[in-house]
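Structural features, examined
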Amino acid sequence: MSARNALYEVDLHCHTTASDGLLTPRELVRMAAEIGLKGIGITDHDTIQGWHEAEEAGVQYKIEILQGVELNTNWNGQEVHILGYALDNTPKLNEQLKSLREARELRMQDILKRLATLDIVLHDEEVRKLSQGDSIGRPHIAQALVERGIVRDTRDAFERYLGRGAPAYVPRYKISTEQGIRLVREAQGVAVLAHPGMQRLDEEIAIWAKIGLQGLEVRHSEHSEEDVRRYMAIAQQYELIMTGGSDFHGEKRKPGVELGEWGVPLTVLRQIQRLSILNQK
């Protein structure tokens, strides 16, 4: 479905060069304007670095910006992503995000050491030059492997070296899902469970709603139409906002995922904004 369709006016799950996206915040906003979107959510991993540039570009291109972040959390050994929207830039939020980014740095070093045992010597400078932001991740290492000609593409890099179960895989340090939800709520933000169809932890949603979860990402590029229907019903059951987004990173980083393709109406962005105001009372 084209982003120009009036039903899908905003894409609330987008990544920039502040984390592992390929477009700068300004480039992303410009693309959103070009395809006819009215708003986008900036949801980089463990960083809010891209907010300011995106907001400046939003004024220029007349695109509404929803400030967000994506937190990688742990629930009983499973990775769960929590999206935080309309947060206040608080000292506690910045301190926690800094800790998560520092853990990413240590993970990168561990991955490079494991690659070295496989006679693949990458230097951290090679990886850093591919990261324009302050949040380094496996996609940057994958791209370095591509540029060296060691793998065909980033998908090949994950399958052969970096994915779970592969020889250079290193588990990520994560805060608990409860900590992630509370961190968002303490920053007066709206906590949303990202792409629930990828984890299938449906029974846990009731627990997280009691902790402070306020939304479900019903529409997502990894969701089937059956997933969309399932999570719409669950969202209604627990009175959660139904959000949606493409999880856009750029064509080379996430092939086939188009900006705006899994968007939602502008009214969803307004719901999040209103709920954030209520959270401050």
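For the structure, check the block above.
Residues numbered from 1 in each chain as written. Predicted model: local features only at pLDDT ≥ 70, side-chain atom pairs only at ≥ 80, totals over all residues. Heavy atoms only, no water.

1. Structural notes on the overall build of the protein chain
What counts, and what does not: Helical segments are the DSSP runs of H or I of at least four residues, strand segments are the runs of E of at least two, and each set is numbered from the N terminus. Accessibility here uses a 1.4 Å probe with only protein chains present; expressed as a share of the type maximum, an area under 20% marks a residue as buried, one over 50% as exposed, and anything in between as partly exposed. Contacts: residue pairs with any heavy atoms within 4.5 Å of one another. Note on areas: Shrake-Rupley, 1.4 Å probe, and residue coverage restricted to the protein chains presented here. Charged residues are defined narrowly, with Lys and Arg counted positive, Asp and Glu counted negative, and His plus the chain ends left uncounted. By convention, the point assigned to a charge is CZ for Arg, NZ for Lys, CD for Glu and CG for Asp.
Looking only at helices and strands, one finds eleven helices and eight strands in the protein chain. Counting only residues that meet the buried cut, the protein chain has 58% of its 281 residues in that class. The contacts of the protein chain with a sequence gap of at least 6 include a subset with a gap of at least 24, amounting to 71%. Working note: accessible area of the protein chain is about 12700 Å², and carbon and sulfur atoms make up 48% of it. For the protein chain, the centre of its 35 positive side-chain charges and the centre of its 42 negative side-chain charges are spaced 1 Å apart.

2. Let's talk about helix α11 (residues 266-279)
So the rule is basically this: For a helix, the expected span equals 1.5 Å multiplied by the residue count minus one.
Taking 1.5 Å per residue, 14 residues should reach 20 Å; α11 reaches 20 Å between its end C-alpha atoms and fits that length. Residues Leu-266, Val-268, Leu-269, Ile-272, Leu-275, Ser-276 and Asn-279 constitute the buried set of α11. Elements that come into contact with the buried residues of α11 comprise β1 (10-14), β3 (64-75), β4 (78-85), α7 (177-186), β6 (190-193) and β8 (241-245).

3. Here we look at the pattern of salt bridges
Where charged atoms from two side chains of opposite charge come close, those side chains can pair. This is how the line gets drawn: Throughout this description, the term salt bridge denotes a Lys or Arg side-chain nitrogen within 4 Å of a carboxyl oxygen of Asp or Glu.
A complete count under the given rule lists 16 salt bridges for this structure. Here Glu-186 ties to Lys-92 by a salt bridge, and the two come within 2.6 Å at their closest N and O atoms. Of the two residues, Glu-186 sits in helix α7 while Lys-92 sits in helix α3 (residues 91-117), which places them 94 residues apart along the sequence. A salt bridge links Asp-227 to Arg-230; the nearest nitrogen and oxygen atoms lie 2.7 Å apart. Here Asp-227 pairs with Arg-230, and both are found in helix α10 (residues 225-237), just three residues apart, close to one helical turn. The exposure class assigned to Asp-227 is buried, which follows from its relative accessible area of 4%. Since its relative accessible area comes to 25%, Arg-230 is described here as partly exposed. What emerges from the salt-bridge pattern is a single network uniting Arg-200, Asp-202, Glu-226, Asp-227 and Arg-230.

4. Let's talk about the pairing of strand β2 (residues 39-42)
Heads up, the condition is: Two strands are said to pair when DSSP picks up at least two bridges between them. Orient the strands so they point away from the viewer; a crossover is then right-handed if the path from the first strand over the helix to the second runs clockwise.
Side chains Gly-39 and Gly-41 of β2 all project onto a buried face; the interleaved residues Ile-40 and Ile-42 project onto the opposite face, where all are buried too. Relative to β2, β1 is paired through three bridges, and the arrangement is parallel. Bridging from a neighbouring strand, Asp-11 pairs with Ile-40 of β2. Assessed by its sense of winding, the connection that carries the chain from β1 through helix α1 (residues 25-34) to β2 is right-handed. Judged from the four bridges that link them, β2 and β3 form a sheet pairing that is parallel. Each residue of the ladder has a partner; that of Ile-42, found in β3, is Gln-67.

5. Concerning the environment of Glu-79
Rules: Nitrogen and oxygen atoms within 3.5 Å of one another constitute a polar contact, given that in protein one can donate a hydrogen and the other can accept it, and given that sequence-neighbouring residues count only through two side-chain atoms.
Along the chain, Glu-79 turns up in strand β4. For Glu-79, a relative accessible area of 19% translates into the label buried. Sequence spacing of Glu-79 and Thr-177 is 98 residues, and the spatial spacing of their C-alpha atoms is 8.6 Å. Discounting chain neighbours no more than four positions away, the residues touching Glu-79 are Asn-72, Thr-73, Arg-172, Lys-174 and Gln-199. At 2.6 Å, the side chain of Glu-79 forms a polar contact with the side chain of His-81.

6. Here we look at unusual backbone geometry
A positive phi angle is found at Asp-46, which is not glycine, with a value near 60°. Assignment of secondary structure puts Asp-46 in the loop between β2 and α2 (51-61). Judged by its relative accessible area of 3%, Asp-46 falls in the buried class. You will see that Asp-119, though not glycine, has its phi angle at about 65°, which is positive. With respect to the secondary-structure elements, Asp-119 resides in the loop between α3 and α4 (124-128).

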